[in-house]
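Residues per chain, in single letters:
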Amino acid sequence: MKLKNSFFYTLRENVKDEDSDSGNLLVRSGMIKKSSSGIYMYMPLGYKVLKKIEQIIREEMNATGAQELLMPSMIPEEVYINSGRRAGFGNSMFSLKDRFNKPFVLGPTHEELFLDAAASKIRSYKDMPFNLYQFQNKFRDEPRPRFGLIRVREFIMKDAYSFDTDLDGLQISYDKMFNAYKKSFDRMGIDYKIVTADTGVMGGLLSEEFQAVTAIGEDTLVLCDHCDYSSNLEVAQCLTEVPSSFEDLKVMEKLHTPNVGKIKDLVDTYQIPVENMTKSMIYKIDDEFVLVMVRSDDEINEVKLQKYFKAQSVELAENDDVVRLTNAKIGFAGPYQAKIKVIADHKVEHMRNYLIGANESDYHYVNANHGRDFEISAYTDLREIKEGEICPKCQKGHIQFSKGIEIGNTFKLGDKYTKALGLNYLDANNQLQPVVMGSYGIGPGRCMAAIVEQNHDDYGIIWPSNIAPFEVALVIINTKVEEQVSAANKVYEELSSLGMDVLLDDRDERAGVKFNDMDLIGVPVQVTFGRGLADGEVEVKIRKENNKTNVKLENLVQFIKESL
RNA sequence: CGGGACGUAGCACAGCUUGGUAGUGCACUACCUUGGGGUGGUAGGGGUCGCGCGUUCAAAUCGCGUCGUUCCGACCA
């Protein structure tokens, strides 16, 4: 592409309403433009990048034998009502009505439609396995879009769905996709981790996430410094350490703690170690109120709570409800004489003589003990793991945290959807069986953002050459010098004929402007046509190494090939 | 959904307290200048001050409402 007379622009000044490096650089380099909160235009340059990312994924999908198709974005609402997911998505689904008042939604994910498509083919076990995928726009009405392309309301997703007769088949299909994902992200040059995760509204048997490691990630990755354990914080299990000996029970005493409802204040004011305190939170789990106890320095993990109760919704009780259920101000809830079910984290089971809220404003009890002073109906793993803890897998290493952007996710769905929607096949014994599904997603836009997060400097983006909008930029220093113009054009024709993606900066701009623009948009190899031409030389700059080499014109093409 | 902030030219912002001709920088146009890391200059073009209602002789400025954006939290594949 020749820049003069092309649609190309960059912004010199910073944009204010981007809260991430990648969002900022992508906007400033003219790759994307915000249209509305969490809704972006892909401008020509950005669209080129997106297409290159898509093509990598497409090639890896096709290599597994998966077949590409395209689903509609607008879907009758009843499709999601029938699968039971309409309520689960709730307000995060965009909905609209047609002229006859029939309700439609904009698809947030497409299990239902793929299942419908698969039903056209599946009659017997001989019809499987197969795998279908698409690149298509998804719509999710996020409460809070942020970080440029990372959390948006309309985005392209590559979603794939596998159909098998049984779990063994699913395992094979899943592994194929899993490997294709690894290859795709490797080819994009992304630094990523694979973690086990919550299955969320997708449900099913297993979820694994591909997380690009960046400082602005929205997910916390739990990693072991000794073994290969890796998990999303939301599902990371905690090891329970059992003390070697137990203290004798002391007599429970009431402690006047006026206006001291917070753990930190209790520590400061009464010098009680955090290890000898519990905290009690009241949760509304579906329609039931439950008192949840953890040691005071632990945090309750709501995903674990939701799983334990197999609940649809888990939320902290409203202040009014807490006051009504405890007859006390916020901050004084406890298990003693509680009127609701009490459950506790494993760690609490091994505590003795600890502090609890008194269910009475401005009072706590010290030296409380379960079994004697009150009953706890169940102990389970409810807390969030912390950095430095012992790894739950190898039980040797220590836990470290890292931040990640979820760029891909694979689910073993099993028969959750096929049972609910009745997609069956006849097996070899002429018995009706539910089809076994997997679903697999990649966000190309998030990949683009993650690559920029991981590859940029003060001057701009540093694209890997297979992702860059252009592999090579040819910069004419002074367009009034015929020698520079003709030499650059000749090289442009030659590289183009070799199938390279070449940019010719033939604008009537100052050299500094062109250099800065090429750095900003991140062209990996930049060739300068300037005064060196008198000696038959041009200057080649490798963006990521930030060095410059003088190269004879006759060696230029070879030099570029070796640099990519 | 709760709390805070902001909305003035394509972008970033000042002006608002104390109401009275709408400004600055970048970008843009023309000419001159310069020509290897965002040249320097001269002259220009571009804004219903988010929208509505109100107060007032007079509203970007004060009040109410509304829409949008954004930050923190809640929620979230």
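Residues numbered from 1 in each chain as written. Chains lettered and ligands numbered in written order. Predicted model: local features only at pLDDT ≥ 70, side-chain atom pairs only at ≥ 80, totals over all residues. Heavy atoms only, no water.

Engineer: Kindly report on the nonpolar core, identifying the contributing residues and their values.
Structural biologist: The tendency in soluble globular proteins is for nonpolar side chains to be buried side by side. With 62 residues, the main nonpolar core has Met-31, Phe-185, Met-188, Ile-407, Met-448 and Trp-463 as its most contacted residues. Top element by residues in this core is helix α6 (residues 167-188). It accounts for eight residues. The residues touching Met-188, leaving out its near neighbours within four places in the chain, are Ile-53, Ile-56, Ile-57, Cys-447, Ile-451, Pro-464 and Ile-467. (Core = buried A, V, L, I, M, F, W, Y, C linked by side-chain atoms within 4.5 Å. Buried < 20%, exposed > 50% of the residue type's maximum accessible area, 1.4 Å probe, protein only. Helix = DSSP H or I, 4+ residues; strand = E, 2+ residues; numbered from the N terminus. Contact = heavy atoms within 4.5 Å.)

Engineer: I'd like a description of helix α9 (residues 319-326), backed by residues and values.
Structural biologist: Within the sequence span of α9, burial applies to Asp-321, Val-322, Leu-325 and Thr-326. Seen along its axis, α9 keeps its buried residues to an arc of 110°; they face one direction. For α9, the secondary structure elements touched by its buried residues are β14 (278-285) and β15 (288-295). Asn-327 sits one or two residues past α9 and shows a positive phi near 55°. (Arc of directions from axis to C-beta.)

Engineer: Summarise the protein's contact with RNA strand B; cite the residues concerned and give the values.
Structural biologist: Contacts to RNA strand B come from 43 residues, most closely from Arg-140, Arg-144, Lys-480, Arg-510 and Glu-539. Put simply, 48% of the atoms of RNA strand B that lie within 4 Å of the protein are in sugar or phosphate. Note that a phosphate oxygen of RNA strand B is positioned 2.7 Å from one of the side-chain N or O atoms of Lys-34. Taking Lys-541, its side chain carries an N or O atom lying 3.4 Å from a base oxygen of RNA strand B. Elements represented by at least two residues in the surface near RNA strand B include exactly β1 (32-36), β21 (399-414), α14 (511-521) and β30 (537-542). The element contributing the most residues to the surface near RNA strand B is α14, with seven residues. Looking at the surface near RNA strand B, its residues break down into nine nonpolar, eleven polar and 23 charged. (Near = heavy atom within 4 Å. Polar contact = N/O pair within 3.5 Å; in protein donor to acceptor, adjacent residues only side chain to side chain. Nonpolar A, V, L, I, M, F, W, Y, C, P; charged D, E, K, R; others polar.)

Engineer: Give a detailed account of the pairing of strand β8 (residues 154-164), specifying residues and quantitative values.
Structural biologist: The side chains of a regular strand alternate, residue by residue, between the two faces of the sheet. In terms of burial, β8 is a largely internal element, ten of the eleven residues being buried. Pairing between strand β7 (residues 130-139) and β8: ten bridges, direction antiparallel. Considered in β8, the bridge of Lys-138 is made with Phe-155. In terms of strand pairing, β8 meets strand β24 (residues 436-442) through seven bridges, oriented antiparallel. Counted as the bridge partner of Ser-162 is Gly-438 from β24. (Pairing = 2+ DSSP bridges.)

Engineer: Residue-level account of the packing of aromatic side chains, with values.
Structural biologist: Scanning the model with the defined rule gives 15 aromatic pairs in all. Their ring planes at 80° and their centres at 6.2 Å tell us that Tyr-133 and Phe-135 sit as a pair that is edge-to-face. Here Phe-135 falls in the buried class, since its relative accessible area comes to 10%. Ring centres of Tyr-308 and Phe-309 lie 5.1 Å apart, and the angle between their planes is 85°; on these two criteria the pair is classed as edge-to-face. Accessibility expressed as a relative area gives 34% for Tyr-308, which makes it partly exposed. In textbook terms, an aromatic cluster arises when at least three aromatic residues are bridged by ring pairs, as seen for Tyr-174, Phe-178, Tyr-181, Phe-185, Tyr-192, Phe-210 and Tyr-440. Here the basic side chain of Lys-254 rests over the ring of Tyr-363, its NZ or CZ set 5.0 Å away from the ring centre. (Phe/Tyr/Trp six-rings, centres within 6.5 Å; stacked < 30°, edge-to-face > 60°. Lys NZ or Arg CZ within 6 Å of the ring centre and 35° of its normal.)

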